[in-house]
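Fold and contact review
Below, each chain spelled out in residue letters.
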Amino acid sequence: EIKHCPNCQQTVEASFPAGVTQPVQYGPRLKAQASYLNNYQLIPVARTCELLGDFYGHSPSWDFVKQANQAVETGIAPSLAEIERLITLAKLVHCDESGLRVEGQLHWLHSVSTEWLTLYNLHRKRGREAMVEIGILPQLTAWMMHDHWASYLAFEACNHAFCNAHHLRELQFITDRYEQTWAIDMAELLCDIKCEVDERAVEANSLSSDRLAHFNAEYDAILQRGFEANPAPDPEAVKKRGRPKQSPPKNLLDRLQKHKAGTLAFMYDFDIPFDNNLAERDIRMVKLKQKISGTFRTTAGAHTFCAIRSYISTVRKQGGNVIAALHDSLTGQPFIPLPAAQPV
């Protein structure tokens, strides 16, 4: 700012604030707002620039939003490293994956999260190869919650808990399609156990031994009725090579029997939830981004989005202010998460 004194006729020029080195430049707060609008509110780049123009009377270029996102991605590197470290130490980790289109081709978004932490990764493949390359799941030694996607079961160093919301949907399908009463009984049993767990969760961390024995016996009895209604196919009657094809009810019965411990883990340890809804909630907004944009134009842009969403989701879970955290990442002080935080 330049001022001319009418009395002494002297001209005084103020010095620029620290960090201002160009005649025209955008500061970290505006960059944080641009990244927030584009990555958290899922506003496309063109509309982000238009919105900033309406707010401040000057519309930045599209490249400004891209550079802001890249600057945030660089600044949050220490936070992402800590998120990954804390996830590998967590008692329970929720996992899910979903298709994501990048450059017009199908990629896979891999989500690994806890109640306080979120980490997204992008890979061309869905299965075990991608999970090993990402490198988080091979480090887990506690509990991993997921659906019955076989690739997760390849990691044997940890215990596996299974999403009972998926089980209830499959049991409803069998009830509607095949009209088998054992499926109704199993769904009711799982819901009854959940209700009892919810009632006891305030005062205990597990059901009593007699209730555990009761529910185990009921579970086994229902499976037995299911197997009687769905006998295994006779291998001698099948002339084709390979394992005889089974019906959906028989496949589900086999999984419920083989993975009984993981299905009922929530009644032995109340820290293990009934379902994997946390992972599905974490992935939902990323899917909404795809509905808005259709596809990511570049792989680098998709990776940047996943990194920033990991940071934002973790900040939100831990009670932080998103715009402030984005601003701090641009000034060299990114939000560093805790393994378990109380909302502020």
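This report concerns the structure included in the present document. (Residues numbered from 1 in each chain as written. Predicted model: local features only at pLDDT ≥ 70, side-chain atom pairs only at ≥ 80, totals over all residues. Heavy atoms only, no water.)

With that out of the way, let us pick up the sheet that holds strand β6 (residues 143-146). Spatial strand order, β5-β4-β3-β6-β7: five strands in an open sheet with mixed pairing. In this open sheet, the two strands that pair with only one neighbour each are β5 (118-123) and β7 (159-162). Across the sheet, the axes of successive neighbouring strands diverge by a mean angle of 30°, strand direction being ignored. Across the sheet, helix α14 (residues 299-317) lies against β3 (92-102), β4 (105-113) and β5, angled at about 165° from β5, the strand it touches most. (Pairing = 2+ DSSP bridges. Helix = DSSP H or I, 4+ residues; strand = E, 2+ residues; numbered from the N terminus. Axes fitted to C-alpha atoms, helices over the stretch in contact; angles between N-to-C directions. Contact = heavy atoms within 4.5 Å.)

Their axes nearest at 10 Å, the elements helix α9 (residues 209-229) and helix α10 (residues 248-258) cross at an angle of 150°. Considering their axes alone, α9 and α10 lie roughly antiparallel with respect to each other. Every pair of crossing elements has a handedness; the one defined by α9 and α10 is left-handed. Together, Tyr219, Leu223, Gly226 and Phe227 of α9 and Lys250, Leu253, Asp254, Leu256 and Gln257 of α10 make up the contact between the two elements. (Parallel < 35°, antiparallel > 145°, perpendicular 65-115°, else oblique. Left-handed = near helix turned anticlockwise from the far one by under 90°.)

To continue, consider the packing of aromatic side chains. Going through the model one piece at a time under the given rule, you end up with six aromatic pairs. Between Phe296 and Phe305 the ring centres are 5.3 Å apart and the planes differ by 50°, which places this aromatic pair in the tilted class. In this structure, Arg177 packs its charged tip against the face of Tyr178, placed 5.0 Å from the ring centre. A cation over a ring is seen here: Lys194 above Phe274, with NZ or CZ 5.9 Å from the ring centre. (Phe/Tyr/Trp six-rings, centres within 6.5 Å; stacked < 30°, edge-to-face > 60°. Lys NZ or Arg CZ within 6 Å of the ring centre and 35° of its normal.)

For helix α13 (residues 277-293), built from 17 residues, the straight-helix expectation of 24 Å at 1.5 Å per residue is met to within 8% by its first-to-last C-alpha distance of 25 Å. At Arg284, α13 shows its maximal kink, close to 30°. Among all positions of α13, only Leu278, Ala279, Asp282, Ile283, Val286, Lys289 and Gln290 are buried. Looking at the buried positions of α13, the neighbouring elements they touch are α1 (28-40), β3, β4, β5 and α14. Within two residues after α13, Gly294 carries a phi angle of roughly 85°, on the positive side. (Expected span 1.5 Å × (residues − 1). Bend = angle between axes of the 7 residues up to and from the residue. Buried < 20%, exposed > 50% of the residue type's maximum accessible area, 1.4 Å probe, protein only.)

This structure, assessed with the given rule, holds 14 salt bridges. Between Arg126 and Glu97 there is a salt bridge whose closest N-O contact spans 2.8 Å. Linking Arg126 in the loop between β5 and α5 (128-134) with Glu97 in strand β3, this pair joins segments that are 29 residues apart in sequence. On the accessibility criterion, Glu97 (7% relative accessible area) is buried. Of the charged contacts in the structure, one is a salt bridge between Arg211 and Glu196, with a shortest N-O distance of 2.8 Å. Of the two residues, Arg211 sits in helix α9 while Glu196 sits in helix α8 (residues 181-200), which places them 15 residues apart along the sequence. With a relative accessible area of 28%, Arg211 lands in the partly exposed category. Look at Glu196 and you get buried, because its relative accessible area is 18%. Because the salt bridges share partners, they merge into one network encompassing Lys91, Asp269 and Asp271. (Salt bridge = Lys/Arg side-chain N within 4 Å of Asp/Glu carboxyl O.)

From the geometry alone we can't say anything about function, so treat these as descriptive.
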